[in-house]
Amino acid sequence: MQTYLLSQQFNAEYLAENSTACPANATICNGTSCVLPEDNFNETLSVVLSTVLTIMLALVMFSMGCNVELQKFWAHIKRPWGIFVGFLCQFGIMPLTAFLLSLIFDVLPIQAVVVMIMGCCPGGTASNIIAYWVDGDMDLSISMTTCSTVFAMGMMPLCLFIYTKMWTDSDAIVLPYDSIGISLVALIIPVSFGMYVNHKWPTKAKIILKIGSIVGAILIVLIAVVGGILYKGSWIISPKLWIIGTIFPAAGYILGFFLARLAGLAWHRCRTVSLETGMQNTQLCSTVVQLSFSPEQLELMFTFPLIYSIFQLLFALLILGGYRVYRRHRVKTKTDVEKTEGKEDSKPTPSQAQINGGFVSNETK
């Protein structure tokens, strides 16, 4: 009998040590049913990376401020035609485009709402970085981002109230005004310091700007990679949302550019308005979505802000590449024309002599 008990004890110990059904870190184990402690890896990773990315973003916006001149910035505030055009694009074109895309593709009501939320968000800070690389108007870019974030306090609830009636009660959507305020503070403070440095030490400001622009480009790519890591389990989503996430940012860039051109803005300002229109604050959209919907509803559309973010970045890089090619070709062509004109001007003609007082040198007789 004692031998039998020892054998049973041995078997139990062996199974406990070698069974893969119940891991060693299980808090409750009953046969093959185990309760594991909550895996907070993603939560910890999110907190750490959010802190790092916030610090990096503040440094990048500080460097972008080093390219802003106070007088020009104030001129845009006093004569806000460019800001007004950007306002029409941000809170006119984008919500309407979101509404039409949702109707055309006949998505689920809950999916239509998240598309609308994205369309009603203000411009993102990534647009300032890309605007620098395409030789945009940095004073207009910073002022547009700042003003659209301020206007979002009132325009987001108004646009959502108008466009989401047919899908849901607008009161069900929770707008995180604290997050909008934090975004505004995180934009204004570092940019203000950058403007001060540019005013006091313009030479040092140029060095900071070059470093910051490179860090900013790395930051944009890093944010996309981090998003892919954190939400790797949420990529199963309706193909219709993939299509909308592809079309939506492209439509924002194109429509923003043409409206700015129709308004008579200069080409470099048209590029700026285009980027400010197409590049949305996707982090704010994700926050609104998480606060407003249940876990079951989030499964249907939580990844859409990330999809939009990826494609808005992809199209922005295409715009940057196209502009760089155009600029290189244009500068080369312009140089060739100047050289040709210089050769022609070096040979005086009788008509030139007559225009210059009728004097003709002996060499031309």
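Just so you know, these numbers come straight off a predicted model, no measurement behind them.

Reading guide: rules and limits
Residues numbered from 1 in each chain as written. Predicted model: local features only at pLDDT ≥ 70, side-chain atom pairs only at ≥ 80, totals over all residues. Heavy atoms only, no water. Helix = DSSP H or I, 4+ residues; strand = E, 2+ residues; numbered from the N terminus. Expected span 1.5 Å × (residues − 1). Bend = angle between axes of the 7 residues up to and from the residue. Salt bridge = Lys/Arg side-chain N within 4 Å of Asp/Glu carboxyl O. Buried < 20%, exposed > 50% of the residue type's maximum accessible area, 1.4 Å probe, protein only. Polar contact = N/O pair within 3.5 Å; in protein donor to acceptor, adjacent residues only side chain to side chain. Contact = heavy atoms within 4.5 Å. UniProt positions renumbered as here; feature names shortened; annotations may be inferred. Core = buried A, V, L, I, M, F, W, Y, C linked by side-chain atoms within 4.5 Å.

1. Overview of helix α4 (residues 81–105)
A rise of 1.5 Å per residue sets the reference length of α4, with its 25 residues, at 36 Å; its end C-alpha atoms lie 35 Å apart and thus fit the reference within 8%. At C89, α4 shows its strongest bend, of approximately 25 degrees. Where α4 terminates, the next one or two residues include D106, which has phi positive at roughly 50 degrees.

2. A closer look at the pattern of salt bridges
Scanning the model with the defined rule gives 2 salt bridges in all. Close ionic contact of R327 with D135 constitutes a salt bridge, the shortest N to O distance being 3.0 Å. Of the two residues, R327 sits in helix α14 (residues 304–345) while D135 sits in the loop between α6 (126–133) and α7 (138–163), which places them 192 residues apart along the sequence. The class of D135 is partly exposed, set by a relative accessible area of 30%. R269 is paired through a salt bridge with D137; the nearest N and O atoms lie 2.8 Å apart.

3. With respect to the side chain of N198
Relative to the helices and strands, N198 is located in helix α8 (residues 177–200). Take N198: its relative accessible area is 15%, and that puts it in the buried class. Looking at N198, its side chain comes within polar contact range of the main-chain oxygen of C66, at 3.4 Å. If sequence neighbours within four positions are ignored, N198 has contacts with G65, C66, N67, V68, E69 and A205.

4. Overview of the environment of K210
With respect to the secondary-structure elements, K210 resides in helix α9 (residues 202–230). Note: C-alpha distance between K210 and S63 (147 residues apart in sequence) is 8.0 Å.

5. What to know about the UniProt feature "transmembrane region" (unreviewed entry) in the chain
Listed under "transmembrane region" (unreviewed entry) in the UniProt record, and renumbered for this structure, are residues 45–63, 83–105, 112–134, 140–163, 175–195, 207–230, 242–267 and 306–326. The distance from the first to the last C-alpha atom of residues 112–134 is 33 Å, and the span holds 74% helix and 0% strand. Annotated as 90% helix and 0% strand, the span residues 175–195 places its first and last C-alpha atoms 31 Å apart.

6. A short note on the nonpolar core
In this structure, I117, F248 and V289 are the most contacted members of the largest nonpolar core, which totals 42 residues. The element contributing the most residues to this core is helix α5 (residues 109–120), with 9 residues. Setting aside its immediate chain neighbours within four residues, V289 contacts V114, I117, L298, M301 and F302. Listed in part, the 23 residues of the second largest apolar core include M61, Y132, Y253 and A316.

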